[in-house]
Amino acid sequence: RSPSRGLGDVYKRQGLFQPKRRLDRAMVKAAWSGAVDSDVIVFLIEANRGVTSGVKENLKKLREFKDFPVSVAVAINKIDRVKSEELLKLTKEINEEYEFEKTFLISAKKGHGVNNLKEWLAGKLPIEEWLYPDDQIADLPLRTIMAEIMREKLTLRLHQELSLIHISEPTRRT
């Protein structure tokens, strides 16, 4: 988790997936348990994939948060990859599956709709003091930040999520 200027605590969770191994199950369980303490949950799906069985499973789990005081929105990403008719159908389908407070249609790559999502988040999150100095970018050790950057770069290059078990922490900087 890392505080974000004007957005309070922002939690980045690994993609929720269907766990097969014990480590995978622990990771998914940790991701969901952290959601209980959230002020806002943004459920992100990809427009070009639609409502998959994995999305349905996560929506089922999301229903457990109905009794918690947390705002839940859906952000449908990659809207530039589907036709508007398909997008309207997907929007209707996802909102029939779960009663979201707000629906955002975004293209993170092109920036479409992203400002609306940011503004909504800024309005929903409490204003709090910084947890650490302005020049410190996160409450994590530099080695952990570097490992996360490496994982993200590899994910972009390999076009698939990597489990944390495959990433080793850097031992020294050059």
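One structure accompanies this document, and this report is about it.

Definitions and cut-offs
Residues numbered from 1 in each chain as written. Predicted model: local features only at pLDDT ≥ 70, side-chain atom pairs only at ≥ 80, totals over all residues. Heavy atoms only, no water. Buried < 20%, exposed > 50% of the residue type's maximum accessible area, 1.4 Å probe, protein only. Helix = DSSP H or I, 4+ residues; strand = E, 2+ residues; numbered from the N terminus. Arc of directions from axis to C-beta. Contact = heavy atoms within 4.5 Å. Core = buried A, V, L, I, M, F, W, Y, C linked by side-chain atoms within 4.5 Å. Pairing = 2+ DSSP bridges. Right-handed = clockwise from strand over helix to strand, strands pointing away. Axes fitted to C-alpha atoms, helices over the stretch in contact; angles between N-to-C directions.

1. Overview of helix α2 (residues 53–62)
- Every buried residue belonging to α2 is among V55, N58, L59 and L62, and all of these are buried. Viewed along the axis of α2, the buried residues span an arc of 105°, placing them on a single side of the element.
- Buried-residue contacts for α2 involve α1 (22–35), β3 (40–46), β4 (71–77) and α3 (84–97).

2. Describing the nonpolar core
- If you look at the biggest cluster of nonpolar residues, it comprises 23 residues, and the most contacted ones within it are F43, L59, L62, I76, I94 and F100.
- Among the secondary structure elements, those contributing two or more residues to this core are α1, β3, α2, β4 and α3.
- Apart from the residues within four sequence positions on either side, L62 is in contact with W32, I41, F43, V72, Y98 and F100.
- Counting 9 residues, the second largest nonpolar core, distinct from the first, contains V40, A75, F104 and W120.

3. Regarding the environment of K66
- One can find K66 in the loop between α2 and β4.
- When near neighbours in sequence (up to four residues on either side) are disregarded, K66 contacts Y98 and E99.

4. Brief notes about the pairing of β3
- Summarising the sheet, β3 and β4 pair through 7 bridges and their orientation is parallel. By the bridge assignment, L44 is partnered in β4 with A75.
- Handedness of the β-α-β unit built from β3, α2 and β4 comes out right-handed.

5. Observations concerning the sheet that holds β4
- Read across the open sheet, the 3 strands follow the order β3-β4-β5; overall the sheet is parallel. Strand pairing shows two members of the sheet lacking a second neighbour, β3 and β5 (102–105), which therefore form its edges. When the angles between neighbouring strand axes are averaged without regard to direction, this sheet yields 20°.
- Set on the sheet, helix α4 (residues 114–124) makes contact with β3, β4 and β5; between it and β3 the angle comes to about 160°.

That's the geometry; what it means functionally is another story.
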